[in-house]
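Observations on the three-dimensional arrangement
Listed below are the residues making up each chain.
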Amino acid sequence: MEPLWLCFRYIGCLFTCGDGSFGQLGHGDCNSHCSPLKVSYFDSKHVDQIACGMRHSLVLMKGDTVYGFGSGKRGQLGVSMDNIISISLPQATVGLEGVEIVSIDANGDHSAAISILSMFIVLGAFLHLCASSKLLLDGITC
């Protein structure tokens, strides 16, 4: 059974608690927290959406920038062209510059984003990136 952890948004602020073993809480360390703690990285920013995967988190800011933190060993954070073990502070995704993201999701070791133009982008365990209006999953082409 995977450890439980929680992210929530309150008036544009982000709070996290639970298992932080991979940095997925975004506090700059790999500590766990029993009570919700504000993620200070976003103090001067407005958090619009959050998504939590198995060991990683995504944050969509008002203004469409996406940030990732936690385990990135399968590319699910989208913060680097190289797969990284983990990061504990939010980092902006790369490759989505100029793409207006309207929704994010995370599950297991992958992440997804949908643009205003209905592009579906998958990062992570599927090892594919698809900028199309159709889904690309594990060998199914766009």
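Residues numbered from 1 in each chain as written. Predicted model: local features only at pLDDT ≥ 70, side-chain atom pairs only at ≥ 80, totals over all residues. Heavy atoms only, no water.

Below, the discussion takes up the pairing of strand β5 (residues 56–61). Counting buried positions along β5 gives six out of six residues, so the element sits mostly inside the fold. Across five bridges, strand β4 (residues 47–52) lies against β5 in antiparallel orientation. The partner of Val-47 across the bridge, within β5, is Met-61. Turn length for the β4-β5 hairpin, with the two strands adjacent in sequence and antiparallel, is three residues. (Buried < 20%, exposed > 50% of the residue type's maximum accessible area, 1.4 Å probe, protein only. Helix = DSSP H or I, 4+ residues; strand = E, 2+ residues; numbered from the N terminus. Pairing = 2+ DSSP bridges.)

Inspection of the secondary structure puts Ser-115 in strand β9 (residues 110–115). A residue is classified by how much of its surface remains accessible, and Ser-115, at 4% relative accessible area, is buried. One polar contact links the side chain of Ser-115 to the main-chain amide nitrogen of Leu-117, over a distance of 3.1 Å. Ignoring any residue separated from it by four or fewer positions in sequence, one finds Ser-115 in contact with Val-99, Glu-100, Ile-101 and Val-102. (Polar contact = N/O pair within 3.5 Å; in protein donor to acceptor, adjacent residues only side chain to side chain. Contact = heavy atoms within 4.5 Å.)

To continue, consider the pairing of β9. Sheet topology note: the strand β8 (residues 101–107)/β9 ladder contains six bridges and is antiparallel. What sits directly across from Asp-105, in β9, is Ala-112. Counting the residues in the hairpin turn of β8 and β9 gives two residues, including Gly-108, whose phi is positive at 55°. Both β9 and strand β10 (residues 120–124) contribute to a ladder of five bridges, which runs antiparallel.

So, on to the environment of Arg-74. Turning to its location among the elements, Arg-74 is positioned in the loop between β6 (66–72) and β7 (84–92). On the accessibility criterion, Arg-74 (39% relative accessible area) is partly exposed. Along the chain, Arg-74 and His-110 lie 36 residues apart, while their C-alpha atoms are 7.6 Å from each other.

Here the focus is a nonpolar patch on the surface. A cluster of nonpolar side chains, Val-102, Ile-114, Ile-116 and Leu-117, forms an exposed patch at the surface whose accessible area comes to about 370 Å². Relative to the elements of secondary structure, Ile-114 occurs in strand β9. (Patch = residues over 30% accessible without salt bridge, like charges linked within 9 Å, V, L, I, M, F, W, Y side chains within 5 Å. Areas by Shrake-Rupley, 256 points an atom, 1.4 Å probe, with all protein chains shown as cover. Salt bridge = Lys/Arg side-chain N within 4 Å of Asp/Glu carboxyl O.)

Glancing now at the sheet that holds β5. Strand pairing in a sheet relies on backbone hydrogen bonds. The paired strands run either parallel or antiparallel. Reading across the sheet, the four strands line up as β4-β5-β6-β7 and stay open at both edges, with antiparallel pairing between neighbours. One side of each edge strand has no neighbouring strand; the edge strands of this open sheet are β4 and β7. Across the sheet, the axes of successive neighbouring strands diverge by a mean angle of 15°, strand direction being ignored. Strand direction decides the pairing type here: β5 and β6, joined by five bridges, are antiparallel. Bridge assignment links Val-59 to a residue of β6, and that residue is Tyr-67. (Axes fitted to C-alpha atoms, helices over the stretch in contact; angles between N-to-C directions.)

The subject of this paragraph is the side chain of Thr-93. In this fold, Thr-93 is placed in the loop between β7 and β8. Exposure remark for Thr-93: the relative accessible area of 10% places this residue in the buried category. If we skip the residues at most four places from it in the chain, Thr-93 touches Val-66, Leu-77, Gly-78 and Val-79.

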